[in-house]
Amino acid sequence: MSIEEQYRTRAKELLSGGAVKMVIGYGKGSTSDRRRPLFISSTDEVDRLVLDDACIQNLSGYLVSEGLLSDEKRVAVFLRPEGIRAINILAAESQLDAEQIVIFGFDVIGTEVKALKGIHVEEFSDVINSIKKGAPEAKEEELFEKIEKMSPQERFSFWQEEFAKCIKCYACRQACPMCYCRRCIVDSNQPQWVNTSSHTLGNFEWNIVRAFHLSGRCVECGNCDRACPVNIPLRLINHRMAEEVLGAFDHFAGMSKTQEPVLASFKKDDSETFIL
Amino acid sequence: MTKILFSDKLDNCVERWKSAGLTVIGPVQRANISTYAAVEHAAELDLGLILTDRSIKDLFFPQSEPMLRYTIKKESIDTDECLPPSGPRIIFGARPCDSSGMAIDDPLFGWDYKDEYWFQRRNESVIVTIACTKADDFCMCTSLKMAPDSSKGSDVLLRPLAGGKGWVVEEVTDRGREAFKTITDILQESSDTAAPLAVVEKKFDLDSCVTWLQNPENFESRFWKEISMRCIGCASCTFLCPTCHCFDIQDEGDTYTGIRRKNWDSCSFALFTMHTSGHNPRSTQSARWRQRIMHKFNYFPGKFSVNSCSGCGRCSRQCPVDMGITETLQEISKLSQ
Ligand code: SF4
Ligand code: SF4
Ligand code: SF4
Ligand code: SF4
Ligand code: SF4
């Protein structure tokens, strides 16, 4: 039985027994290479679920939108390892109760889809551990290397050109499971912390805010990067910040549901004498 | 015999227009995205694209623009109005869905108040549209009762010749004729005929969708929630849309001095309708998506007798969760049968 079939069967069982109220997975998209999020709450719709190497979106963000979990019922969700890490962070940051989440874990190696064993988030710690080990090499990319080699001035010009394209559509924020704030700082106007305009300064402000608010929290799922309609390589920023946090604090985001948020916790023996 | 502009003469035209004082603008690739920008030479233009990522709207209604500078003094407030940068320009190589999008927005910007930012730019621009011989899965002009060679909103319409050798010239407006006078001697008479147009399949029946939307009973239909569950509420679709025109006015600066700006806004944002009390009449994403559809195909045509959509397909092409106007109207079309 293919993983797709296995997971459909499991979805049917869970829904018919009332163990979960909804399964969030993937369905066919508008073109043959696209998949789209699919919300299934009845067993007759289960066969619409698709699972293949084109299922790339991290679906974990839907769990914290519009009070989905507020009735305390369980929801099942298809997740890659990055998505599973996101559940840990959301739980650690008190945004959801991990008990309510039933995971349909999978990973894609090349074009092959592999099932990940487990149901609850704590059962995936081995998978996450192995990603942490491979983390520094995993994201090697030519453009990333190129930027690393640039002088600060060159790097500034590079990002200036990229950010100049930003239209402040906030697709990057909306696509990110970690950007769950009901009122994002850029939407706050009393006081107005950040310019709403999408001019050079405003775009820099937004992208710097985003980079910092996601440092130590980003799981590098790539949702933001893929969502950006003007192709700003946001993944490079996320990856750079993740490397910094890993180097400075040995913190790899989303290891467990009790992991302390690195930039929101302090210890008496911290080497720094201040907190930001 | 028809008038032909041969591709290898395009650079001469660009030169000619520049010396006549026109800024020449067209589709280009810049920093990994296709958009409209000013060019010096024809070679910079990317005329092979189906459609630019960014829409032509940017040229008439930019994402952020200054309206006035102010200084608050003890007794008075000094203001200094900022009008859009002026100067005639020619936009070469727009697509029919972009050009018609500008014509769709004209009545809106000229309705109770004539928006000088919009009209100054409109009056100073000549739009030269190239009919489409290629389309992708998301193009839907024909569903909107337009076509790959609609001349709506264009001053000149060019029809490509087979093999990319050039274009058959069709002057549409006086402004277009005027701009092409400067290149009359470059144009050639020829019996070459235009290449076949792109085939764009009709995706839904617009009239039945509009009737469904006009029925007040459907305002609270479950359909809205079902169709928009995956919408993440970004503004990708509205900001890339040539016809979306919502904006917000913001003051930037300190207590005494600053600048008032007009910035794009989007009905997809929760903040769009948020009251100061915290109450939000469109509190869910489904209510916001309904607004987008209702506005485009019910309220806007109700007021201006034209749909606020030119069928460019950008909303569906770029949506991070594979939604868009197309799917929604296809589903409504089914519901209304
Ligand atoms: S910042 Fe981007 S890559 Fe990181 S978790 Fe958010 S969406 Fe995923
Ligand atoms: S998705 Fe891209 S264009 Fe939109 S706000 Fe983010 S960086 Fe800017
Ligand atoms: S339909 Fe797509 S592009 Fe538009 S707001 Fe929703 S998620 Fe964003
Ligand atoms: S609604 Fe979509 S298809 Fe219609 S004009 Fe706007 S972006 Fe294009
Ligand atoms: S209300 Fe929405 S759909 Fe209508 S123009 Fe404004 S942003 Fe576009």
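Caption draft 1: Representation of the interface of chain B and chain A in the model. At the junction of the two partners, chain B supplies 37 residues and chain A supplies 36 residues. A buried area of about 2,900 Å², summed over both sides, lies between chain B and chain A, and 52% of it is on carbon and sulfur atoms. Taken as a group, Met229, Ile232 and Asp322 of chain B account for 18% of the area that chain B buries against chain A, more than any other trio of residues on that side. Applying the counting criterion to the chain B and chain A interface returns three salt bridges. With a shortest N-O distance of 2.9 Å, Asp322 of chain B and Arg34 of chain A are connected by a salt bridge. Summed over the shared surface of chain B and chain A, the result is 20 residue pairs in polar contact (both at pLDDT 80 or more). Counting only elements with at least two residues in the side of chain B that touches chain A, the list comes to helix H7 (236-240), strand S11 (247-253), strand S12 (257-264), helix H8 (285-304) and helix H9 (314-318) of chain B. The residue inventory of the side of chain B that touches chain A, partitioned by class, reads 14 nonpolar, 11 polar and 12 charged.

Caption draft 2: Structural detail: the side chain of Ser64 of chain B. Mapping Ser64 of chain B onto the fold places it in strand S4 (residues 64-72). At a separation of 2.9 Å, a polar atom in the side chain of Ser64 of chain B contacts the side chain of Arg261 of chain B. Within polar-contact distance, the side chain of Ser64 of chain B engages the side chain of Asn263 of chain B at 2.8 Å. For Ser64 of chain B, the contacting residues outside a window of four places in its chain are Ser197, Ser198 and His199 of chain A together with Arg261, Lys262 and Asn263 of chain B.

Caption draft 3: How the structure looks around the sheet that holds strand S5 (residues 77-81) of chain B. Residues and elements named next belong to chain B. A sheet is described by the order of its strands in space; here four strands give the open sequence S5-S4-S12-S11, paired in antiparallel fashion. Looking at the sheet topology across the chains shown, the edges are occupied by S5 and S11. Adjacent strand axes in the sheet meet at a mean angle of 25 degrees when their direction is disregarded. Sheet topology note: the S11/S12 ladder contains seven bridges and is antiparallel. Pairing of Gln250 across the sheet is with Arg261, part of S12. Those strands touched by helix H3 (residues 116-123) are S4, S5 and S12, and its axis lies near 130 degrees from that of S4.

Caption draft 4: Inspection of the site of ligand 1 at higher detail. Around ligand 1, a shell composed of Cys176, Arg210, Leu214, Cys218, Val219, Glu220, Cys221, Gly222, Asn223, Cys224 and Asn238 of chain A is seen. When grouped by side-chain class, the residues that make up the shell around ligand 1 number six nonpolar, three polar and two charged.

Caption draft 5: Representation of the environment of Ser265 of chain A in the model. All names here are of chain A. Tracing the sequence through the fold places Ser265 in the segment after helix H9 (234-249). Looking at Ser265, the relative accessible area reads 23%, which means it is partly exposed. A distance of 3.4 Å separates the side chain of Ser265 from the side chain of Glu260, its partner in a polar contact. Within the local environment of Ser265, its side chain forms a polar contact with the backbone oxygen of Pro261, the two atoms lying 2.7 Å apart.

Caption draft 6: Fine view of the domain arrangement of chain A. All names here are of chain A. With domains assigned, chain A is organised as domain 1 (3-133) and domain 2 (138-249). For domain 1 and domain 2, the distance between their C-alpha centroids amounts to 26 Å. Of the residues lining the interface, 14 residues belong to domain 1; the matching set on domain 2 comes to 11 residues. When residues of domain 1 are sorted by the area they lose upon contact with domain 2, Asn58, Ile89 and Glu93 head the list and together hold 35% of the total. Where domain 1 packs against domain 2, one counts one salt bridge. Arg217 is paired through a salt bridge with Glu93; the nearest N and O atoms lie 2.8 Å apart. At the boundary of domain 1 and domain 2, one finds five residue pairs in polar contact (both at pLDDT 80 or more). Here the side of domain 1 that touches domain 2 takes five residues from helix H2 (residues 81-92), the largest share from any one element. Its residues assigned to classes, the side of domain 1 that touches domain 2 comprises five nonpolar, five polar and four charged.

What counts, and at which threshold
- Residues numbered from 1 in each chain as written.
- Chains lettered and ligands numbered in written order.
- Predicted model: local features only at pLDDT ≥ 70, side-chain atom pairs only at ≥ 80, totals over all residues.
- Heavy atoms only, no water.
- Contact = heavy atoms within 4.5 Å.
- Buried area = accessible area lost by both parts, 1.4 Å probe.
- Salt bridge = Lys/Arg side-chain N within 4 Å of Asp/Glu carboxyl O.
- Polar contact = N/O pair within 3.5 Å; in protein donor to acceptor, adjacent residues only side chain to side chain.
- Helix = DSSP H or I, 4+ residues; strand = E, 2+ residues; numbered from the N terminus.
- Nonpolar A, V, L, I, M, F, W, Y, C, P; charged D, E, K, R; others polar.
- Pairing = 2+ DSSP bridges.
- Axes fitted to C-alpha atoms, helices over the stretch in contact; angles between N-to-C directions.
- Near = heavy atom within 4 Å.
- Buried < 20%, exposed > 50% of the residue type's maximum accessible area, 1.4 Å probe, protein only.
- Domains from an automatic or database assignment.

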